[in-house]
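What follows is the residue order along each chain.
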Amino acid sequence: MPERPLALFAMSAENPPKLLPSGVLARLRASVDIDPTLVAEDFRDPRVRRALGEAEILITGWGCPPLDAAVLEAAPKLRAVLHTAGSVKGLITPGCWDRGLIVSSAADANALPVAEYTLGMILLAGKDLFAARDRYRDARTFTLAEVIPGIGNFGRRIGVVGASRIGRRVIELLRPFDFRVALADPYVDAAGAAELGVTLVGLAELMRTSDIVTVHAPATAETDRLIGRRELALMPDDAVLINTARGSLVDTPALVEELRTGRISAVLDVTDPEPLDPDSALFDLPNAFLTPHIAGSQGNELHRLGLCAVEELERLLRGLPLSHRIERAELERAA
């Protein structure tokens, strides 16, 4: 029976138990030789260094140091990096691609809870839930069977900014509902939009015609402050902006200025800066609903990320194509 390849955890030490419950860990250990008690937080650690010299596979995650030239030189047998989180930009260096390493990411698995959060917020925003809660709390009464005009999700216009992994997941989750969905993404053509079942428009038209705008573009130099003063001013009265991408995509001072008019609302799971200054006006504006960057995988959702990496490992060892392989060119436009 052939020897199992040696694998090594490379992430913050508290993460493996969160990512790999006992059943998933057992499945991992059935495929590779890995010491669950040895986690590479610092590749200069002598124990880590010895294991790195024999490791063929790195199981990486949040807290993994960059795989720079020194690390690669110390890992002559390394052939694959299987990441249990989303973006690999912080750890994969050009040397990894030059070496021909196979790289996989659990970004698709992490996209699902973000898309679920977004769908929930779209549905609640369409019912004007946040303002209704405040009105009920202040008045301590309401008129039974009162029909409130101007709210509801039938025919609501949803604008999706960015056909990223998460953006596409959101579009998929919106299909069963009676929404009209538009997309703004310079890298999607008419045929691609038709395949997604959305209307392709420019960003300005999307901002002008959407009741709810949800942001899912990657954070790059090109998208910095993508939603600025001009774009916010285009939004219709009572429109809602949802941001679960990165805070840098929205011009925070411009958003605060627009929110102060009371004309639009915002649901923000990410901000710039993050966390916000304790004195930020966003905490006090009644039309700003803030959550502390919780849309991504939390609690038992982390198990999905660990399982994704183990499934990729099993494909790798059987000589099958990986389902979530990352290519070098893809990172240029990814988050």
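All residue numbers refer to positions counted from 1 along the written sequence of the respective chain. Given that the model is predicted, a residue must reach a pLDDT of at least 70 before its local features are reported, and side-chain atom pairs must reach 80 or more before they are shown or counted; all residues, however, enter totals for whole chains, interfaces and linings. Where side-chain values are given, they derive from all heavy atoms of the structure, hydrogens and water being excluded.

1. Here's the deal with the sheet that holds strand β8 (residues 212-215)
Following DSSP output, two strands are said to pair if at least two bridges run between them. Labels follow the DSSP assignment, with helices taken as runs of H or I lasting at least four residues and strands as runs of E lasting at least two, numbered in each case from the N terminus. Strand order across the open sheet formed by seven strands is β7-β6-β5-β8-β9-β10-β11, with parallel pairing between neighbours. A strand with exactly one partner marks an edge of an open sheet, and here the two such strands are β7 (199-200) and β11 (288-290). Of the strand pairs in this sheet, strand β10 (residues 265-268) and β11 are connected by three bridges, and their pairing is parallel. Residue Ala266 lies in a different strand from β11, and its bridge partner there is Ala288. Taken strand by strand, helix α12 (residues 252-260) contacts β9 (240-243), β10 and β11, and its axis lies near 135° from that of β10. Residue contacts are defined here by distance: any two heavy atoms, one from each residue, within 4.5 Å place the two residues in contact. Orientation is described by lines fitted to C-alpha atoms, with helices fitted over the stretch in contact, and by angles between N-to-C directions that extend from 0 to 180 degrees.

2. Quick look at the environment of Phe43
If you trace the backbone, Phe43 turns up in the loop between α2 (22-31) and α3 (46-54). Summary of the burial criterion: residues with accessible area below 20% of their type's maximum are buried, those above 50% are exposed, and those between are partly exposed, where the area comes from a 1.4 Å probe applied to protein chains only. Residue class for Phe43 comes out buried when judged on its relative accessible area of 4%. Distance in space between the C-alpha atoms of Phe43 and Arg304 is 27 Å, their sequence separation being 261 residues. The contact partners of Phe43, leaving out residues within four places of it in the chain, are Ala10, Val48, Arg49, Leu52, Leu58, Cys64, Pro65, Pro66, Leu67 and Val71.

3. Notes on the UniProt feature "domain: D-isomer specific 2-hydroxyacid dehydrogenase NAD-binding" (unreviewed entry) in the chain
Here, UniProt's "domain: D-isomer specific 2-hydroxyacid dehydrogenase NAD-binding" (unreviewed entry) annotation points to residues 120-295. Within residues 120-295, the helical portion is 32% and the strand portion 15%, while the C-alpha atoms at the span's ends are 11 Å from each other. UniProt positions are given in the numbering used here, feature names are shortened, and annotations may be inferred rather than shown by experiment.

4. A short note on the domain arrangement of the chain
Partitioning the chain into structural domains gives domain 1 (7-105 + 299-332) and domain 2 (110-290). Contacts between the two partners involve five residues from domain 1, matched on the other side by five residues from domain 2. When two components associate, each loses some accessible surface as probed by a 1.4 Å sphere; the sum of these losses over both components is called the buried area. In terms of surface lost to domain 2, no three residues of domain 1 exceed Glu301, Arg304 and Leu305, which account for 56% of the buried area on that side. A pairing counts as a salt bridge when a side-chain nitrogen of Lys or Arg comes within 4 Å of a carboxyl oxygen of Asp or Glu. At the junction of domain 1 and domain 2, the tally comes to one salt bridge. Across the pair Glu330 and Arg165 runs a salt bridge whose closest N-O atoms are separated by 2.8 Å. Whenever two N or O atoms come within 3.5 Å, that pair is a polar contact, provided that in protein one can donate a hydrogen and the other can accept it, and provided that, for residues adjacent in sequence, both atoms are side-chain atoms. Counting every contact that joins domain 1 to domain 2 gives one residue pair in polar contact (both at pLDDT 80 or more). Gly is put with the polar residues, along with every residue not named as nonpolar or charged; the nonpolar set is Ala, Val, Leu, Ile, Met, Phe, Trp, Tyr, Cys and Pro, and the charged set is Asp, Glu, Lys and Arg. Along the lines of polarity and charge, the residues of the side of domain 1 that touches domain 2 split into two nonpolar, no polar and three charged. Segment limits for the domains were obtained from an automatic or database-derived domain assignment.

5. So, the UniProt feature "domain: D-isomer specific 2-hydroxyacid dehydrogenase catalytic" (unreviewed entry) in the chain
Mapped onto the present numbering, the UniProt feature "domain: D-isomer specific 2-hydroxyacid dehydrogenase catalytic" (unreviewed entry) falls at residues 49-325. Here residues 49-325 runs as 38% helix and 14% strand, with 26 Å between its end C-alpha atoms.

6. Quick word on the pairing of strand β4 (residues 102-105)
In summary, the side chains of a regular strand alternate between the two faces of the sheet. Across the two faces of β4 the burial is the same, with Ile102 and Ser104 and Val103 and Ser105 all buried. The pairing of strand β3 (residues 80-83) with β4 spans four bridges and is classified as parallel. Bridge assignment links Leu82 to a residue of β4, and that residue is Ser104. Here, the term right-handed applies to a crossover whose path from the first strand over the helix to the second runs clockwise when the strands point away from the viewer. Handedness of the crossover is the feature at issue here: the chain leaves β3, passes through helix α5 (residues 94-99), returns alongside β4, and the resulting connection is right-handed.

7. Quick look at the nonpolar core
As used here, the term nonpolar core means buried Ala, Val, Leu, Ile, Met, Phe, Trp, Tyr and Cys residues forming a set that is joined through side-chain atoms within 4.5 Å. Counting 29 residues, the largest nonpolar core has Leu206, Leu232, Met235, Leu241, Leu255, Leu259 and Leu282 as its most contacted members. Elements with a minimum of two residues in this core: β6 (180-184), α10 (203-209), β8, α12 and β10. Looking at this core, the element that brings in the most residues is α12, giving four residues. Residue contacts for Leu241: discarding those within four places in its chain leaves Val213, Val215, Ile227, Leu232, Met235, Val250, Leu255, Ser265, Ala266 and Val267. One finds Ala40, Val48, Ala55 and Leu72 within the second-largest nonpolar core, a separate group that totals 27 residues.

8. Structural notes on the pattern of salt bridges
Using the criterion set out here, one finds 20 salt bridges in the structure. Between Arg230 and Glu231 there is a salt bridge, with the nearest N and O atoms lying 3.5 Å from each other. A residue is classified by how much of its surface remains accessible, and Arg230, at 55% relative accessible area, is exposed. By relative accessible area, Glu231 is classed as buried at 13%. Between Arg263 and Asp237 there is a salt bridge; the shortest N-O distance is 3.0 Å. Here Arg263, found in the loop between α12 and β10, pairs with Asp237, found in the loop between α11 (229-234) and β9; they are 26 residues apart in sequence, far enough to count as distant. Salt bridges linked by common partners bring Asp108, Arg165 and Glu330 together as one network.

9. Observations concerning α2
Along α2, the residues that are buried comprise Val24, Leu28 and Ser31. Mapping the buried residues of α2 onto a view down its axis gives an arc of 65°, with all of them on the same face. Of the residues in α2, the exposed ones pointing more than 90 degrees away from the buried face are Ser22 and Ala30. Next to the buried residues of α2 lie β1 (7-10), β2 (57-60) and α13 (302-317). By arc we mean the arc of the directions from the helix axis to the C-beta atoms, nothing more.

10. Examining the environment of Gln298
Tracing the backbone shows Gln298 in the loop between β11 and α13. With 150 residues separating them in the primary sequence, Gln298 and Ile148 have C-alpha atoms 35 Å apart.

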